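Chain residues, written in single-letter form:
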Amino acid sequence: IIPGATHTLTVKFEPLTDGAKPTKLQITHNAQNATNPAEVDISAEGISWAPGIELNQTSPWDVGETVVGGTSTHEFEIESTGINDLEVISITTVIGTEFSFNGVLDSARNPITLPHIVTVGDFIIALIDFAPTGNGNFNDTINITHDAINAASPLTLAVEGEGRVIITQTFNYSGSIENWTIPAGVTNINIEAWGAQGGNANPAQGG
């Protein structure tokens, strides 16, 4: 190697068994400024299985608005994408106040329990409940524990949603204009109005 130049070495790794395979690469040289041979630590891992995991939701996952006092259920899919079957061990929420895990369905929407083996190319459906405790934005983190090699375990999915308080105001007929002061924070108003109802001999027909 001429002065100032570099040379790339290619190292081939062919594990025969599972597990970590640490070793040292020894380079014999004629340099005067380094131990001869120079040593480079190398570590790699052999695996005989290779499941993969993929979610159909990106983080953060926005589940939208839900009325305070109610509960909405939302779904995301967990797909087995490797060359071996995937085991999904558990699904939990970190905070668990407004968001909670509500069960799992297989790809035919039949209830199943965890842990569950997902065959290659198939998926399961995780159900997450959102029950806001007040008006405003809420967030949590969903942890998916698994045995895939292409993602950290637990795999995390941030989730967020908004709680909405519904205010109802009823005006009975008075013959006068009704005034109403809109409360702070209201962004939408639905108005339902009824006029006087007539009638005749057939109750199904009103005026």
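Just above, that's the structure.
Right, let's walk through the structure included here. None of these values were measured; they are calculated from a predicted model. (Residues numbered from 1 in each chain as written. Predicted model: local features only at pLDDT ≥ 70, side-chain atom pairs only at ≥ 80, totals over all residues. Heavy atoms only, no water.)

1. Notes on the sheet that holds strand 10 (residues 111–112)
What holds strands together in a sheet is hydrogen bonding between their backbones, with the strands either parallel or antiparallel. Ordered in space as 5-7-12-9-10, the five strands form an open sheet in which the pairing is antiparallel. Where the open sheet ends on each side, the last strands, each with one partner, are strand 5 (53–55) and strand 10. Judged from the seven bridges that link them, strand 9 (residues 99–106) and strand 12 (residues 123–130) form a sheet pairing that is antiparallel. Bridge pairing in strand 12 places Phe-99 opposite Phe-130. (Pairing = 2+ DSSP bridges. Helix = DSSP H or I, 4+ residues; strand = E, 2+ residues; numbered from the N terminus.)

2. Description of the pattern of salt bridges
Within this structure, the stated rule accounts for five salt bridges. The closest approach of N and O atoms between Lys-24 and Asp-41, which form a salt bridge, is 2.5 Å. Residue Lys-24 is found in strand 2 (residues 23–27), and its partner Asp-41 is found in strand 3 (residues 38–42); the two are separated by 17 residues along the sequence. In this structure Lys-24 comes out as partly exposed when scored by relative accessible area, which is 47%. Ionic pairing is found between Glu-65 and Arg-164, a salt bridge with its closest N-O pair at 3.3 Å. With Glu-65 in strand 6 (residues 61–67) and Arg-164 in strand 14 (residues 155–164), this pair connects stretches of sequence that are 99 residues apart. Residues joined in a network through salt bridges with shared partners are Glu-65, Glu-162 and Arg-164. (Salt bridge = Lys/Arg side-chain N within 4 Å of Asp/Glu carboxyl O. Buried < 20%, exposed > 50% of the residue type's maximum accessible area, 1.4 Å probe, protein only.)

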